[in-house]
Amino acid sequence: MKRRRAKRLTLFVGKGGSRVFETVIGLEVHVELGTKTKIFCGCAVEFGAPPNARVCPVCMGSPGVLPVLNEEALKLAVRAALALNCKVPNESKFDRKNYFYPDSPKAYQISQYDEPIGTNGYLDIEIDGEKKRIGITRVHLEEDAGKLNHSPFGDVSLVDLNRVGIPLIEIVSEPDLRSPEEARLYLEGIKAIMQYCLVSECKMEEGSLRCDANLSLRPAGQAAFGTKTEIKNMNSFRNVQRGLESEQARQTRALLAGDTIEQVTLRFDEATGLTSPMRSKEDAHDYRYFPDPDLPRMILSDAYIEERRREIPELPDARRARWIADYQLPVYDVGVLTASRDIADLFDQAVERVLDAKLVSNWIMGDVLAYLKAQGIELRDTKLTGAHLADLLENLKRGGISAAIAKDVLKRVMESGESPSAIIAAQGLAQISDEGELAGIVTQVIEANPKSVEDLLAGKDKAIASLVGQVMKATKGKANPQVVNRLIGEQIQAIREARLS
Ligand SMILES: [Zn+2]
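Residues numbered from 1 in each chain as written. Predicted model: local features only at pLDDT ≥ 70, side-chain atom pairs only at ≥ 80, totals over all residues. Heavy atoms only, no water.

## Here's the deal with the overall build of the protein chain
Our working rule: By the criteria applied, helices consist of DSSP H or I runs no shorter than four residues and strands consist of E runs no shorter than two, each listed in order from the N terminus. Three exposure classes are used, based on accessible area relative to the maximum for each residue type with a 1.4 Å probe and protein chains only: buried under 20%, partly exposed in between, and exposed over 50%. Every residue pair with non-hydrogen atoms within 4.5 Å of one another is taken to be in contact.
A tally of helices and strands in the protein chain yields 17 helices and 15 strands. Based on the C-alpha atoms only, the size of the protein chain along its principal axes is roughly 105 × 60 × 55 Å. Out of the 501 residues in the protein chain, the part that is buried amounts to 46%. Taking the contacts inside the protein chain whose residues are at least 6 apart along the sequence as the reference set, 69% of them involve residues at least 24 apart.

And the structure:
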């Protein structure tokens with residue numbers, strides 16, 4: 001990481017060490033709203049359905065049909081705009097954005113032009129330990145277009161219209177971002193807020209969060225913007241940062257060589273890490289917007305807007321601040337734990353019962369996240385609840401089970417959803433702390449391992465680990481290690497005294 005930053009900086013350092021260019025980035029983020037049906041018809045929203053299986057005359061744009069607004073889509077859009085600190089006006093309307101392209105059978109897209117759902121918002125990011133406010137110009141509601149699949153078998157393109165009419169919001173930032181890293185942090189912030197507010201699942205790999213980026217350079221200290229280029233449809237946080245870094249480097253080289261930047265639309269090639277020009281409908285520019293005559297103006301009462309505001313849960317920033325204040329958790333921990341709402345909720349639910357924030361944090365950041373990563377799944381794909389985790393950690397805390405057993409039980413809970421206490425009871429996993437029972441096993445282990453015993457008697461204290469290990473093995477991990485340690489110490493001492501007398 002350090003090496004990459006150093007390399008990036010050298011691109012910007014001119015003779016005498018002065019910074020030659022400043023980077024200016026603005027993002028347009030498309031978020032697919034988590035509705036069950038499309039925005040203007042009853043077709044199901046379903047990722048991975050057979051091509052053209054989720055379409056009807058309305059979303060296909062047949063003549064004579066009328067769109068009807070899905071109220072859930074409006075709700076989610078207003079909630080999202082408010083969560084991004086936008087002003088939501090009492091009136092809003094839909095416009096037709098006219099263009100002819102094979103992914104749009106109506107030859108226009110229903111979107112919003114001059115009266116969007118939200119304006120003048122912001123999102124705070126944290127860069128190098130400092131908070132930075134990124135302006136949000138607007139949030140508008142629109143329908144998605146279809147998808148062209150370019151056939152590998154010849155010079156044809158196949159169109160899948162299942163995506164036509166899926167509700168989206170477009171979030172347009174001010175050109176406030178100054179580096180590809182800031183752009184990535186901003187996008188991560190958008191994703192977290194959308195997930196917290198249950199506006200969208202934001203699955204980038206399924207295209208429910210997509211990002212276009214504008215980038216330009218200007219001489220350091222100059223107020224006017226340079227010529228910008230646009231990179232379309234980047235679909236992972238890493239690719240957003242890589243794509244922008246590559247374009248930043250390309251423009252720097254061009255400007256240093258005395259070339260001018262042309263305003264073009266680019267695509268980012270994941271394999272090569274480079275941007276290249278693409279032919280695009282965006283080159284048309286004249287969309288001849290006009291108000292959609294089929295859809296009434298949307299009148300949003302103050303009460304309606306306030307109701308949406310009340311639906312917004314505690315957002316990541318607020319949770320981080322609360323956890324640091326209430327539990328003195330490290331900044332690193334709260335960053336990891338708040339990255340997903342599900343994980344954050346799991347922590348809150350478990351800590352309410354266990355009352356040991358660091359213990360809960362360690363188990364989530366350790367075993368829970370490791371399991372999810374190994375399986376390539378999300379928390380919601382498992383059966384683990386906050387109550388389960390609390391139950392497990394309570395058993396562990398009062399010495400009812402060993403840490404090794406707790407790890408196994410956790411895995412089983414995540415897979416089966418059984419309660420930890422029930423698993424511990426049914427499997428006889430409870431930790432053996434009974435001294436009488438353990439003393440017998442310790443005696444057997446000591447008799448079977450004379451070499452370790454002699455080492456211990458000779459003052460090689462490390463030999464005790466091997467004896468403890470043997471006892472754990474004999475008890476299938478159930479022995480209480482503290483009791484075992486003490487019992488071994490006592491029996492060795494007894495042997496020592498017997499030899500001396
Ligand atoms: Zn439809």
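## Notes on helix 4 (residues 180–196)
For clarity, the cut-off: The length a helix should cover is 1.5 Å for every residue beyond the first.
With 17 residues, helix 4 should reach 24 Å at 1.5 Å per residue; the first-to-last C-alpha distance of 24 Å fits that figure. Of all 17 residues that make up helix 4, 12 are buried, and the element is covered over most of its length. Of the residues trailing helix 4, Leu198 is marked for its positive phi of about 55 degrees.

## Examining the coordination of the zinc ion
Cut-off, in case you're wondering: Note that water is not among the atoms used; donors are N, O and S atoms within 2.8 Å of the metal (3.2 Å for Na, K and Ca), so sites may look incomplete. A four-donor site is classed as tetrahedral when every donor-metal-donor angle falls between 85 and 135 degrees; four donors are called square planar, and six octahedral, when trans pairs exceed 155 degrees and all remaining angles lie between 65 and 115, with any other arrangement labelled irregular.
Every protein donor of the zinc ion is accounted for by Cys41 (SG), Cys43 (SG), Cys56 (SG) and Cys59 (SG), and the metal-donor separations fall at 2.3 to 2.4 Å. If you look at the zinc ion, its 4 donor atoms make angles of 100 to 114 degrees with each other, and the shape they trace is tetrahedral. Here the donor residues of the zinc ion share one chain and are spaced in sequence as C-x1-C-x12-C-x2-C. There is no split in this pair, since Cys56 and Cys59 are both buried.

## Brief notes about the pattern of salt bridges
Worth spelling out the cut-off: A carboxyl oxygen of Asp or Glu within 4 Å of a side-chain nitrogen of Lys or Arg is what we treat as a salt bridge.
Applying the stated rule across the entire model yields 41 salt bridges. Arg322 is paired through a salt bridge with Asp348; the nearest N and O atoms lie 2.8 Å apart. With a gap of 26 residues between them, Arg322 in helix 7 (residues 316–327) and Asp348 in helix 9 (residues 341–354) connect regions that are remote in the sequence. A relative accessible area of 15% places Asp348 in the buried class. Three or more residues joined by partner-sharing salt bridges are found here, namely Glu314, Arg319, Arg322, Arg341, Asp345 and Asp348.

## As for the sheet that holds strand 1 (residues 21–32)
Strand pairing in a sheet relies on backbone hydrogen bonds. The paired strands run either parallel or antiparallel. Inclusion rule: Strands were regarded as paired on the criterion that DSSP finds at least two bridges between them. Interaxial angles span 0 to 180 degrees and are taken between N-to-C directions of axes, which are lines fitted to C-alpha atoms, for helices over the stretch in contact.
Strand order in the open sheet made by the 8 strands is 5-6-9-1-10-11-12-13, with mixed pairing throughout. Strands with a single pairing partner mark the edges of an open sheet, and in this sheet they are strand 5 (118–127) and strand 13 (274–277). Across the sheet, the axes of successive neighbouring strands diverge by a mean angle of 30 degrees, strand direction being ignored. When strand 11 (residues 229–234) meets strand 12 (residues 265–269), the two strands line up parallel, connected through 3 bridges. Looking at the pairing, Ile231 lines up with Leu266 of strand 12. Contacting strand 1, strand 10 (209–219), strand 11, strand 12 and strand 13, helix 5 (residues 237–256) crosses the sheet at an angle of about 25 degrees to strand 10.

## Quick word on the sheet that holds strand 4 (residues 108–111)
Read from one edge to the other, the open sheet built from 3 strands follows the order 4-3-14, with strand pairing classed as antiparallel. Because the sheet does not close on itself, it has two edges, and the strands there are strand 4 and strand 14 (290–291).

## Some details on the UniProt feature "domain: Asn/Gln amidotransferase" (unreviewed entry) in the protein chain
Cut-off, in case you're wondering: UniProt positions are given in the numbering used here, feature names are shortened, and annotations may be inferred rather than shown by experiment.
Using the residue numbers shown here, the UniProt feature "domain: Asn/Gln amidotransferase" (unreviewed entry) corresponds to residues 345–492. A distance of 49 Å separates the end C-alpha atoms of residues 345–492, which is 73% helix and 0% strand.

## Things to note about the domain arrangement of the protein chain
Put simply, the rule reads: Residue ranges for the domains originate in an automatic or database domain assignment. Buried area, as used here, totals the accessible surface that two parts lose on assembly, with accessibility defined by a 1.4 Å probe and the loss added over both. Any N or O atom pair separated by 3.5 Å or less is treated as a polar contact, with the protein-specific requirement of one donor-capable and one acceptor-capable atom, and with residues adjacent in sequence counted only for side-chain atom pairs. When residues are grouped by polarity, Ala, Val, Leu, Ile, Met, Phe, Trp, Tyr, Cys and Pro land in nonpolar, Asp, Glu, Lys and Arg in charged, and all others, Gly among them, in polar.
By the assigned domains, the protein chain splits into domain 1 (10–306), domain 2 (328–427) and domain 3 (435–500). Its C-alpha centre places domain 1 at a distance of 36 Å from the equivalent point of domain 2. Counting residues at the interface gives 6 residues for domain 1 and 6 residues for domain 2. Here domain 1 packs against domain 2, burying approximately 450 Å² in sum over the two surfaces, 45% of which is carbon and sulfur. Applying the counting rule to domain 1 against domain 2 returns 1 salt bridge. A salt bridge links Glu201 to Arg380; the shortest N-O distance between them is 3.5 Å. Inspection of the region where domain 1 meets domain 2 yields 2 residue pairs in polar contact (both at pLDDT 80 or more). A breakdown of the residues in the side of domain 1 that touches domain 2 according to their chemical character gives 4 nonpolar, 1 polar and 1 charged.

## Structural notes on the pairing of strand 8 (residues 157–160)
As judged from the 4 bridges shared by strand 7 (residues 147–150) and strand 8, these two strands associate in the antiparallel manner. Bridge assignment links Asn149 to a residue of strand 8, and that residue is Leu158. Between strand 7 and strand 8, which pair antiparallel in sequence order, lie 6 residues; one of them, Gly154, sits at a positive phi of approximately 155 degrees.

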